[in-house]
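# Structural overview for review
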Amino acid sequence: MLVKSLRLNDYRNYHDFYLEFDPHLNIITGKNGIGKTNILESILVVSNTKSYRCNDDKCLINKDKDYARIILKADKGEYKVVIGNKNKSLYFNNSLIHRTSEYIGKLNAILFKPDDLQIFNETPAERRKLLDIEIGKVNKNYLMAELKYHSLLKDKNRLLKEEKVDSVLLDVIEESMIPCIEIILRERIRFFEEINRYISDIYYRISNKKSDIKTVYKKCSDIKNIREKMILSKDKDMYYHYATFGPHHDDFCFEMDGIDVNNIASQGQKRMIMIAFRFAVIEYIISELKEYPIVLLDDILSELDKNNQERLLRNIPEKCQIIITNTDINKLNIKNKYKHIELKEEKDV
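Overview of the structure. (Residues numbered from 1 in each chain as written. Predicted model: local features only at pLDDT ≥ 70, side-chain atom pairs only at ≥ 80, totals over all residues. Heavy atoms only, no water.)

It is worth spelling out a nonpolar patch on the surface at this point. On the surface, Val168, Leu169 and Val172 cluster together into a nonpolar patch covering about 260 Å² of accessible area. Within the secondary structure, Val168 is located in helix H5 (residues 167-207). (Patch = residues over 30% accessible without salt bridge, like charges linked within 9 Å, V, L, I, M, F, W, Y side chains within 5 Å. Areas by Shrake-Rupley, 256 points an atom, 1.4 Å probe, with all protein chains shown as cover. Salt bridge = Lys/Arg side-chain N within 4 Å of Asp/Glu carboxyl O. Helix = DSSP H or I, 4+ residues; strand = E, 2+ residues; numbered from the N terminus.)

Pasting the structure below:
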């Protein structure tokens, strides 16, 4: 997967902005606040259909404008996202895509960013969000199961809040949830198995430190016990008036040599663990889709010394297109050939 060009119209600070990319390594530099991250964010919006920085799409529209537009040309076609104050339209090769689930994953990108460290102290909901994005982009069955499960979950919670709960209807909803839960658990288990195949070796290669790094999936149930656990949770559900059992309560953590990283790892070690995790996700994507994602590094290299910078870049799969942002090209230890894009002011074309 390769990005050829990007045009932004009234997207954040850009009125009419155009860039062309090298198929291998691109470095975007400029002072803080000029909009480097906005460029990477727009590529992620095409990939995920939403921003990772805000929940309301209106934040992506330039001040005093009615809509924003992203046009991204890639080796597999043209992607367009039009964001209005009340709606969002998705296009592939100028054809309107009516369902978001059919658009997600058409272009696969993965972002490394400085605040990835927050994942260690985030809520379980935020960690599940990360999980659902990465699996949903490569597995349509998972994405559809997630969407259906959360729709049923809303129905179930609404029913549980009623003064007199219709037990027959509740049983029907729960039976419909079970196949969704099976898919969600199975694919999450497989995701973490894949991550754990790679993460320790990657951590060693990028940090030059030997440790046993693992992700630990805290799942709501074994697949074979879903119905039993759902039945056992009924009284608790009725008492609290919401669904106390299900994958919407799942979580995961990282361990270093068998100990939760929050109890043992330094900030520097946590940073390298998260970078190793992102690298392992790249391997997962390649394994699932047999194609290489676009790798976005948002000012992440400035957090590393020059040796770690070199090791990180050396371990990105050769066939991945890389787009890096940084304030100063001279602070980077780049030995490969690259295209340098220096942002000084918006380019009107």
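Between two cysteines, a covalent bond joining their sulfur atoms is known as a disulfide. Scanning the model with the defined rule gives one disulfide in all. Between the sulfur of Cys54 and that of Cys59 lies a disulfide, 1.8 Å long from S to S. On the accessibility criterion, Cys59 (28% relative accessible area) is partly exposed. Distance from the sulfur of Cys180, which forms no disulfide, to the nearest cysteine sulfur (Cys220) is 13 Å. The exposure class assigned to Cys180 is buried, which follows from its relative accessible area of 4%. (Disulfide = S-S within 2.5 Å. Buried < 20%, exposed > 50% of the residue type's maximum accessible area, 1.4 Å probe, protein only.)

The next subject is helix H1 (residues 36-48). In this model H1 runs 19 Å from its N-terminal to its C-terminal C-alpha over 13 residues, within 8% of the 18 Å that 1.5 Å per residue would give. Along H1, the residues that are buried comprise Lys36, Asn38, Ile39, Leu40, Glu41, Ser42, Ile43, Leu44, Val45, Val46, Ser47 and Asn48. A positive phi of about 70° marks Thr49, the residue just after H1. (Expected span 1.5 Å × (residues − 1).)

Mapped onto the fold, Asn108 is located in the loop between helix H2 (100-103) and strand E8 (109-112). Owing to a relative accessible area of 0%, Asn108 belongs among the buried residues under this scheme. On a C-alpha basis, the gap between Asn108 and Leu2 in space is 9.5 Å, while along the polypeptide they are 106 residues apart. Not counting chain neighbours up to four residues away, the residues in contact with Asn108 comprise Met1, Ser47, Lys137, Val138, Ile285, Leu289, Pro293 and Ile294. (Contact = heavy atoms within 4.5 Å.)

Quick look at the environment of Lys219 now. Within the secondary structure, Lys219 sits in the loop between strand E9 (213-218) and helix H6 (226-232). Once the C-alpha coordinates of Lys219 and Asp166 are considered, the two residues, 53 residues apart in sequence, prove to be 29 Å apart. Those residues in contact with Lys219 that lie beyond four places of it in its chain are Leu185, Ile189 and Asp250.

So, about the sheet that holds strand E5 (residues 77-84). Sheet strands line up and pair through hydrogen bonds in the backbone, either parallel or antiparallel. Across the sheet, six strands lie side by side as E2-E1-E4-E5-E6-E7; this open sheet has antiparallel pairing. With one partner strand each, in any of the chains shown, strand E2 (14-20) and strand E7 (95-97) form the two edges of the open sheet. Across the sheet, the mean angle separating the axes of adjacent strands is 15° when strand polarity is ignored. (Pairing = 2+ DSSP bridges. Axes fitted to C-alpha atoms, helices over the stretch in contact; angles between N-to-C directions.)

Positionally, Ser5 belongs in strand E1 (residues 3-11). Residue classification places Ser5 among the buried positions, given a relative accessible area of 7%. Setting aside residues no more than four positions away along its own chain, Ser5 makes contact with Tyr18, Leu19, Glu20, Phe21, Ile71, Leu72 and Lys73.

This paragraph deals with the nonpolar core. The tendency in soluble globular proteins is for nonpolar side chains to be buried as a group. Counting residues in hydrophobic clusters, the biggest one holds 74 residues, and the most contacted among them are Phe254, Leu297 and Ile324. Filtering out sequence-adjacent residues up to four positions away, Ile324 remains in contact with Leu25, Asn26, Ile27, Ile28, Leu297, Leu301, Leu313, Leu332 and Ile334. Ranked by size, the runner-up nonpolar core spans 39 residues in total, among them Leu44, Val45, Val46 and Ile70. (Core = buried A, V, L, I, M, F, W, Y, C linked by side-chain atoms within 4.5 Å.)

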